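Chain residues, written in single-letter form:
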Amino acid sequence: DVKVTQSSRYLVKRTGEKVFLECVQDMDHENMFWYRQDPGLGLRLIYFSYDVKMKEKGDIPEGYSVSREKKERFSLILESASTNQTSMYLCASSLSLAGGHSYEQYFGPGTRLTVT
Amino acid sequence: QKEVEQNSGPLSVPEGAIASLNCTYSDRVSQSFFWYRQYSGKSPELIMSIYSNGDKEDGRFTAQLNKASQYVSLLIRDSQPSDSATYLCAVNTDSNYQLIWGAGTKLIIKP
């Protein structure tokens, strides 16, 4: 079974703090994703990575950065946390099939971040 | 703009009945289609994937795909209160990595 873990289930930070959210997957998946989910807005893609040290912006990258130094680990960084970044953050991973067809994404348990 | 549309619900179904969830998508070249279940406060869990036209059955769940009409549906037979959740439809894009997500349909199974 695919296992995706996230560093914290709940996190409370103050405005202006630098925040690190970590995600680890154990299935040798090439692709990793960071989403945020807010009531009424659905899942929104922040960043994704298709290989080590490779990253691409998603729909809402502003205020975030990412790091992927190892295949199994994908970190999301909030450079200076703001109250509008209070949200559920979800990490996911997927395998790239030969030929490049998209494959199922598997999610971690999520981190509920509150910025006060 | 590639889109995936779902009725937000809530869809209320009596226990033991068939729940039918629908999803339409705009990108004709989409190849892969997924249904996820998300309980309140939890992360999405993959329950079905379908890649070719027709029906795919897994236990009480049946996914149906019609590429000509650009819709995919999920049927849940013998609905149980534990099926109460939000169901997300996701469709691959031609980027090969990303999925386009619907906003989800909230399903309530009434005992």
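Below or above, wherever it landed, is the structure these notes cover. (Residues numbered from 1 in each chain as written. Chains lettered and ligands numbered in written order. Predicted model: local features only at pLDDT ≥ 70, side-chain atom pairs only at ≥ 80, totals over all residues. Heavy atoms only, no water.)

Attention shifts here to the nonpolar core. Counting residues in hydrophobic clusters, the biggest one holds 23 residues, and the most contacted among them are B:Trp35, B:Val72, B:Leu74, B:Ile76 and B:Tyr87. Counting residues per element, the ones that place at least two in this core are strand S3 (19-25), strand S4 (33-38), strand S5 (45-50), strand S7 (61-66), strand S8 (71-76), strand S9 (85-92) and strand S11 (105-110) of chain B. In terms of nonpolar packing, the next biggest core, distinct from the first, is built from 20 residues, A:Leu11, A:Val19, A:Phe74 and A:Ala81 among them. (Core = buried A, V, L, I, M, F, W, Y, C linked by side-chain atoms within 4.5 Å. Buried < 20%, exposed > 50% of the residue type's maximum accessible area, 1.4 Å probe, protein only. Helix = DSSP H or I, 4+ residues; strand = E, 2+ residues; numbered from the N terminus.)

Before going further, it helps to examine the state of the cysteines. As enumerated under the stated definition, the model contains two disulfides over all chains in all. Each sulfur in the disulfide pair A:Cys23 and A:Cys91 lies 1.9 Å from the other. Of note, the bridge from A:Cys23 to A:Cys91 carries an S-S torsion of about -75° and is left-handed in sense. Taken as a pair, A:Cys23 in strand S3 (residues 19-25) and A:Cys91 in strand S9 (residues 87-94) lie far apart in primary sequence, 68 residues in all. For the pair formed by A:Cys23 and A:Cys91, the shared burial category is buried. Note on cysteine connectivity: B:Cys23 is disulfide-linked to B:Cys89, with sulfurs 2.0 Å apart. Between B:Cys23 and B:Cys89 the sulfur-sulfur dihedral comes to about -75°; the bridge is accordingly left-handed. With B:Cys23 in strand S3 and B:Cys89 in strand S9, the pair connects residues that are 66 residues apart, well separated along the chain. (Disulfide = S-S within 2.5 Å.)

All right, on to the packing of aromatic side chains then. Summed over all chains, the structure comprises 10 aromatic pairs over all chains. Aromatic pair A:Tyr35 and A:Phe107: ring centres 5.8 Å apart, planes at 35°, arrangement tilted. One end of the pair, A:Tyr35, is in strand S4 (residues 31-38); the other, A:Phe107, is in strand S10 (residues 106-107), and 72 residues separate them in sequence. Measuring from centroid to centroid gives 6.1 Å for B:Phe34 and B:Tyr51, while their planes differ by 85°, and the two rings are edge-to-face. Taken together, the residues B:Phe34 in strand S4 and B:Tyr51 in the loop between S5 and strand S6 (54-58) connect sequence positions 17 residues apart. The class of B:Phe34 is buried, set by a relative accessible area of 1%. Taken together through their ring pairs, the aromatic side chains of A:Phe33, A:Tyr35, A:Phe48, A:Phe107, B:Tyr36 and B:Trp101 make up a single cluster. Above the face of the A:Tyr10 ring, A:Arg9 is positioned so that its terminal group lies 5.5 Å from the ring centre. (Phe/Tyr/Trp six-rings, centres within 6.5 Å; stacked < 30°, edge-to-face > 60°. Lys NZ or Arg CZ within 6 Å of the ring centre and 35° of its normal.)

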